[in-house]
Amino acid sequence: SLNRFELRSPVNSDSPLYIERAPIEADCYQEILKPGALIRIKAPEKMGKTSLLRKILLYAGENGSRTVYLNFREAEGAVFSGLDKFLRWFCANVSRELGIQPMLDDYWAEELYGSMISCKTYFQDYLLRNIEGSLTLGLDNVDRVFEYLEIAQDFLPMLRSWHEEAHSQESWQQFRLAIAHATEIYIDIDANQSPFNVGWPVQLTGF
């Protein structure tokens, strides 16, 4: 029999306990292999969004992509004290998960170009150039960012812009993104800058 922990915890991507909700998985697998892909998963708590996110990353990895899973609930509050600190944490942890030495100071010029341009440059000129193939980034519990308006209003449009870069920049075609959140988005972001009205939407409900 299953204990309470097993019922409440995310199911491993290769677990026989994972219940597929066709055609959601097949659609996500098809989408995540596209250049510049963006999948956005919305579901209430305990509805399987983390398990689906991990399944997507597993599939991407099996098809030659480097994959990174970041859970924003694992970031301590101090990380959200400002945009620059948050973006440096973001870049450093993606580097760590890839097994690439963080070299932020070599690419960061907050006072000259700003934190978002520094972050973009770090991904474009360092991370994407130091991996073979594509990079698939899974961001879980993005709701945590919603709590910090000043960060969210810059970070979320930045993700949208990276997705759109794939239309014109070959280097950004290597970048694929899957984001998961539970709560509604009540942040005032211009519709043309929001990552929540582009890409492939997935809404999970009960089994």
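Scroll up to find the structure this text is about.
Residues numbered from 1 in each chain as written. Predicted model: local features only at pLDDT ≥ 70, side-chain atom pairs only at ≥ 80, totals over all residues. Heavy atoms only, no water.

Undergrad: Even after reading the chapter, I still don't get the packing of aromatic side chains, so can you show me in this structure?
TA: When we look at a pair of aromatic rings, we describe it by the centre distance and by the angle of the planes. A complete count under the given rule lists 20 aromatic pairs for this structure. Summarising the aromatic geometry, the rings of F72 and F86 are spaced 5.9 Å apart at their centres and angled 35 degrees between planes, so their arrangement reads as tilted. With F72 in the loop between β2 (66-71) and α4 (83-98) and F86 in helix α4, this residue pair connects regions lying 14 residues apart in the sequence. Exposure class is identical for F72 and F86. Each is buried. Here the aromatic cluster, defined as three or more aromatic residues joined through ring pairs, consists of F72, F80, F86, W89, F90, F123, Y148, F155, W162, W172 and F175. The side chain of R54 reaches across the aromatic face of Y69, ending 3.8 Å from its centre. The side chain of R88 reaches across the aromatic face of W108, ending 5.4 Å from its centre. (Phe/Tyr/Trp six-rings, centres within 6.5 Å; stacked < 30°, edge-to-face > 60°. Helix = DSSP H or I, 4+ residues; strand = E, 2+ residues; numbered from the N terminus. Buried < 20%, exposed > 50% of the residue type's maximum accessible area, 1.4 Å probe, protein only. Lys NZ or Arg CZ within 6 Å of the ring centre and 35° of its normal.)

Undergrad: What is the right way to look at the environment of F90 in this model?
TA: The residue F90 is located in helix α4 in this model. Under the relative-accessibility criterion, F90 is labelled buried at 0%. Taking the C-alpha atoms as reference, F90 lies 8.8 Å from C119; in sequence the two are 29 residues apart. Those residues in contact with F90 that lie beyond four places of it in its chain are L70, C119, F123, L137, L139, F155, M158 and W162. (Contact = heavy atoms within 4.5 Å.)

Undergrad: Looking at this structure, I do not really get the environment of D154. What am I missing?
TA: Relative to the helices and strands, D154 resides in helix α9 (residues 149-165). When neighbours within four sequence positions are excluded, D154 is seen to be in contact with L83 and M116.

Undergrad: Would you take a moment to explain the pattern of salt bridges for this structure?
TA: Tallied over the full model, the rule gives eight salt bridges. Across the pair R88 and D105 runs a salt bridge whose closest N-O atoms are separated by 2.9 Å. Placement of the pair is R88 in helix α4 and D105 in helix α5 (residues 104-107), with a sequence separation of 17 residues. Each of E45, K49 and R73 takes part in salt bridges that share partners, so that together they form one network. (Salt bridge = Lys/Arg side-chain N within 4 Å of Asp/Glu carboxyl O.)

Undergrad: How should α9 be read in this particular structure?
TA: In an α-helix there are 3.6 residues to a turn, and that puts residues three or four apart on one side. With 17 residues, α9 should cover 24 Å at 1.5 Å per step; its first-to-last C-alpha distance of 24 Å lies within 8% of that length. What α9 keeps buried is the set I151, A152, F155, L156, P157, M158, L159, R160, W162, H163 and E165. Where the residues of α9 are buried, they touch β1 (38-42), α4, α7 (115-127), β3 (135-140), α8 (143-146) and β4 (175-181). (Expected span 1.5 Å × (residues − 1).)

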